[in-house]
Amino acid sequence: MIKTLLTLMLLVGALLTACGDGDGVQTQQPDAASAPEPAPVGRIDRSDVGPAQVISLSLKELDLPAGADKVTPSGAVSDALLKDGQLRFSTPGDTGEDQEAAFEIRSGATTSVRHLLIRSPRPTVVEAYEHTPGKFPPRPKLTIEGLGPDNALTGAPLTFRVKGLSAPDLKDRSRGEITVATAERAYNLLVKLDDFWSFNPEDSSLSISGPTMQRILGMLPKGDFELALTLSSRANGKDFTANYYTRVMKADARLSGKLLSQQGDPVSSLAGRKVLLEGVHTQMRAVAVLDANGAFAFERVLPDVYFLTLSDLDYPNAIRISFPIYEDSTQAQVSMVVPPGLGVDTGAKTAAKRTPSGSLDARSSVTQDGQGPAARSIPATKRSAPSAPLSAEGADRAVFSATAVEQDQPVNKKIDFKVPVGTESVGVKITVFAEESLFYPVMSMAEMRQLAEKRLQSGERPPKKRKYNDSWSYSVVGLPDTQLSASGVISEVRHYDVQGRMTKTMCVDVAKQTQNAALNISGSVGATNIGDKLLPITTTVELTLECRKLKSSSAKSGRPLDQAIRPA
């Protein structure tokens, strides 16, 4: 009887607990409506975001709240900032593969996640070419041993090995070559690798010895090449043929540099910060880290025109210079001057106490042991008329201009403009004037097609493109939700008018930002006259108050990385 009563009491207690009465703790599944929602996840679809860049993207265009207050990057990106209605971040150097990054962005209690693919412009993967995809099993993977970083040919022994392939006749039936692309999109044969390699029957590999690779390096110019292999066998009664391709390069130039204050002293406050190197034609992208003396270095730099940028998210792309690295250069030294007022402790106050008044400011410069191409013969008829001087500045207008005349020496000017309290709008006009652009005729798309058809019919080859052209850059920082930063060389942009100018204008609403305080606009303009001393280049930024009365484009930033400046 007692046992029955005890059992009954236990059952009643359990029932009361399940119903929420009694001394038991009630357990209840959370309501689905009250559960925290997962963070909205999206992808930043920008094909123009590459390695070694400082990127600014509009929060509005990313469908993110303008009041977002915190960003946490992960993956390939470690530096990110929310400022002026933008998501700003710097990308890593090129690894030869695409890289993934993610950004967790918070606005109060709301969290959003955005993923980004950083595309490699110089992939190093070995690709297998299929004549009829899907008809045959996937080709086995080819490994190449002995290549340096960025697939550089270094003179070390080179070995080609296909996993799982055992074919004693591979040596006699296979071919390999190094070719270079031409302006006509054809390929010139430089080296036949099958003339130099030996066959190892133990693992069916093909190898080129170190001394032989040194000979091959001596046969190659500096630059990018395509390495192509056709491996073929009929061993064991089975036919096997596979074609493989990859990019290789030969480069031996070393670029060393340092950051200087305007007094010429090393900038030591930026140890651990990054400098970004971007090649215009080769698409070489690399990152170096500053040491305690403001020094840095890059190895295996290809001949090209380069932009060098201090990674700074508060003043994106404001500290940037451009210069060439020539074909026969093996050593190059660059000095990049950091102007005061851009958030960097350059030691200017201390230096001013010991620097005599009237002494000259330091200038960014580049020296190298190689020589540029021969100067062009420029007929007098090709010289343009002097440009009309800009009207004088006033209280509501300022002009910041960089003119490069001296060959290969960067010229940069800092932008410093204060917008008074109560200003409704700011007008921006950016102009690049390049006399060299007059050598590139302005043609419509129809005219370009006609010229291409004429050359195709006659067999005439187009003129060889000149690699070393004048460069320009600008960065305007501080305008709300507006990304104004671009750079390039004049041969890349076909939007010059017949006077050799290209222009961009904008009108930006700043009423909210100047309601209670003045707005500071900063940045820089830059120009480098590359390859001659006769045809200068000028980059100008003009800022004007109250532009709403003018017919201008809106403040929406659009896609500034691939839409730099256009004709007015």
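Keep in mind it's a predicted model, so treat the numbers as computed, not measured.

Before going further, it helps to examine the overall build of the protein. Counting its regular elements, the protein contains 5 helices and 32 strands. The long-range fraction of contacts in the protein, counting pairs at least 24 apart against all pairs at least 6 apart in sequence, stands at 74%.

Attention shifts here to the sheet that holds strand β3 (residues 70–75). Here 4 strands make up an open sheet; going across it, the order is β1-β7-β6-β3 and the pairing mixed. Among the strands making up the open sheet, the edge pair consists of β1 (41–44) and β3. Taking each pair of neighbouring strands and ignoring which way they run, the sheet shows an average axis angle of 25 degrees. Here β1 pairs with strand β7 (residues 110–118) via 4 bridges, running parallel. Its bridge partner lying in β7, Arg43 is registered against His115.

A few words now on the state of the cysteines. In the structure shown here, the tally under the stated rule is 1 disulfide. Linked covalently through their sulfurs, Cys507 and Cys547 form a disulfide whose S-S length is 2.0 Å. Looking along the S-S bond of the Cys507-Cys547 disulfide, the torsion reads about 90 degrees, which is the right-handed sense. Of this pair, Cys507 sits in strand β30 (residues 501–509) while Cys547 is found in the segment after β32 (537–545), placing the two residues 40 residues apart along the sequence. Note on accessibility: Cys507 and Cys547 belong to one class, buried.

Scored by pLDDT, the protein has a mean of 80; 73% of the residues are at 70 or more. Counted against residues more than four places away or in other chains, residues 32–36, with its pLDDT under 50, gives 0 contacts. Ignoring residues within four places in sequence, the model shows residues 348–360, a span with pLDDT below 50, making 5 contacts including any to other chains.

Per the stated rule, a full pass over the model turns up 18 salt bridges. The residue Lys467 makes a salt bridge to Glu327 at a minimum N-O spacing of 2.9 Å. Placement of the pair is Lys467 in the loop between α5 (445–458) and β28 (471–477) and Glu327 in the loop between β22 (320–325) and β23 (331–337), with a sequence separation of 140 residues. Note on Lys467: relative accessible area 30%, which makes it partly exposed. Residue Arg397 is joined to Glu542 by a salt bridge in which the shortest nitrogen-to-oxygen separation is 2.6 Å.

Summarising burial for strand β31 (residues 519–528): 9 of the 10 residues are buried, a large majority. Examined bridge by bridge, strand β26 (residues 411–419) and β31 share 9 bridges and lie antiparallel to one another. By the bridge assignment, Lys414 is partnered in β31 with Ser524. Bridge count for β28 against β31 is 7 bridges, and the pairing is antiparallel. Looking across to β31, one finds that Ser473 is bridged to Gly526.

Cut-offs used in this document
Residues numbered from 1 in each chain as written. Predicted model: local features only at pLDDT ≥ 70, side-chain atom pairs only at ≥ 80, totals over all residues. Heavy atoms only, no water. Helix = DSSP H or I, 4+ residues; strand = E, 2+ residues; numbered from the N terminus. Contact = heavy atoms within 4.5 Å. Pairing = 2+ DSSP bridges. Axes fitted to C-alpha atoms, helices over the stretch in contact; angles between N-to-C directions. Disulfide = S-S within 2.5 Å. Buried < 20%, exposed > 50% of the residue type's maximum accessible area, 1.4 Å probe, protein only. pLDDT = per-residue confidence, 0-100. Salt bridge = Lys/Arg side-chain N within 4 Å of Asp/Glu carboxyl O.

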